[in-house]
Amino acid sequence: MPEKKTIERARQDKREGKAPTTQAGEFVRETIEHIREGKHGARSTKQAIAIGLSKARRAGVKLPPPKKGTTSEKTRKSAARETRAGQHPHKTNPRRSAAITAALKREGHEAASPEALARQAKQQAKKRTAKERSEIGRKAAHTRLAHQTHAERSAIARKAARTRAEHQRAS
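A brief structural summary. (Residues numbered from 1 in each chain as written. Predicted model: local features only at pLDDT ≥ 70, side-chain atom pairs only at ≥ 80, totals over all residues. Heavy atoms only, no water.)

**Some words on the overall build of the chain**
Put simply, the test is: Per the convention used, a helix needs a DSSP run of H or I reaching at least four residues, while a strand needs a run of E reaching at least two, with both numbered from the N terminus. Exposed residues in this analysis have more than 50% of their type's maximum accessible area, buried residues have under 20%, and partly exposed residues fall in between, with area computed by a 1.4 Å probe over protein chains only. Two residues form a contact once any of their heavy atoms are found within 4.5 Å. Method for areas: the Shrake-Rupley scheme with a 1.4 Å probe, in which residue coverage is limited to the protein chains shown. Here Asp and Glu are counted as negative and Lys and Arg as positive; His is not counted, and neither are the chain ends. The atom standing in for a charge is NZ when the residue is Lys, CZ when it is Arg, CG when it is Asp and CD when it is Glu.
Across its full length, the chain holds eight helices and zero strands. Ordered by position from the N terminus, the helices and strands of the chain form the series α-α-α-α-α-α-α-α. Principal axes of the C-alpha set define a box for the chain whose edges measure 60 × 35 × 35 Å. Burial analysis of the chain (171 residues in total) assigns 25% to the buried set. Pairs at least 24 apart in sequence give 62% of the contacts found in the chain among residues at least 6 apart. If you sum the accessible surface of the chain, you get close to 12,700 Å²; carbon and sulfur atoms cover 56% of it. Positive and negative side-chain charges in the chain, numbering 44 and 17 respectively, have mean positions lying 5 Å apart.

**Quick word on helix α1 (residues 4–15)**
Given 3.6 residues per helical turn, the α-helix brings residues three or four places apart onto the same face. Counted only if it meets this: For a helix, the expected span equals 1.5 Å multiplied by the residue count minus one. Working note: the arc is built from the helix axis to C-beta atom directions.
Helix length check: α1, at 12 residues, gives a terminal C-alpha distance of 16 Å against a target of 16 Å (1.5 Å per residue), a fit within 8%. Every buried residue of α1 is listed here: Thr6, Ile7, Ala10 and Asp13. Down the axis, α1 shows its buried residues gathered within 120° of arc, on one side only. For α1, the exposed residues lying more than 90 degrees away from the buried face are Lys4 and Arg15. Considering only its buried residues, α1 is in contact with α2 (20–37). In the stretch just after α1, Gly17 is the one whose phi turns positive, near 80°.

**A short note on the packing of helix α3 (residues 45–58) against helix α6 (residues 114–126)**
The line we're drawing: Convention adopted: a line fitted to C-alpha atoms gives each axis, helices being fitted over their contacting stretch, and angles between N-to-C directions are expressed from 0 to 180 degrees. Angles below 35 degrees are treated as roughly parallel, those above 145 as roughly antiparallel, those between 65 and 115 as roughly perpendicular, and all remaining angles as oblique. Residues were grouped as follows: Ala, Val, Leu, Ile, Met, Phe, Trp, Tyr, Cys and Pro as nonpolar; Asp, Glu, Lys and Arg as charged; and all remaining residues, including Gly, as polar.
Between α3 and α6, whose axes approach to 9 Å, the crossing angle comes to 85°. As the angle between them shows, α3 and α6 are arranged roughly perpendicular. Of the residues in α6, those in contact with Thr45, Lys46 and Ile49 of α3 are Ala116, Leu117, Gln120 and Gln124. Class assignment of the residues belonging to the contact of α3 with α6 gives a composition of three nonpolar, three polar and one charged.

The structure is reproduced here in structure tokens:
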């Protein structure tokens, strides 16, 4: 069961018009925190993220299941089932919940380490083309504009210019 503050942060994101993936990110963050606190573990960083996305879908975030061909049929069906469960909330089976928690407690906590998360992010970025990565960066910068002062944006632009110059010198 997600914490109230996590659900509230996701609702806030929805009110602000943010994408379902951003709303789901709150649940992924919560799962990572739980693993770091030792509440439970995860076999891999991918599993930790999957647990967070599952929580999000069950909490009612309109996150579509992965597209055909990107993951296994089992994963897609599971995601679709969780989305349906999120549309019609029901009472959680305490026995099942306890069994899941007990199983997760036996797993390690390395999956939520900063190194593991960085590895996962780099692995996913590598799957994208340079153009896609550039578009993602541009979109991120655009969404940040609404929440930053002129001085902050100037500082970011200067840093970006410095980085570009350093990359130019390196090549």
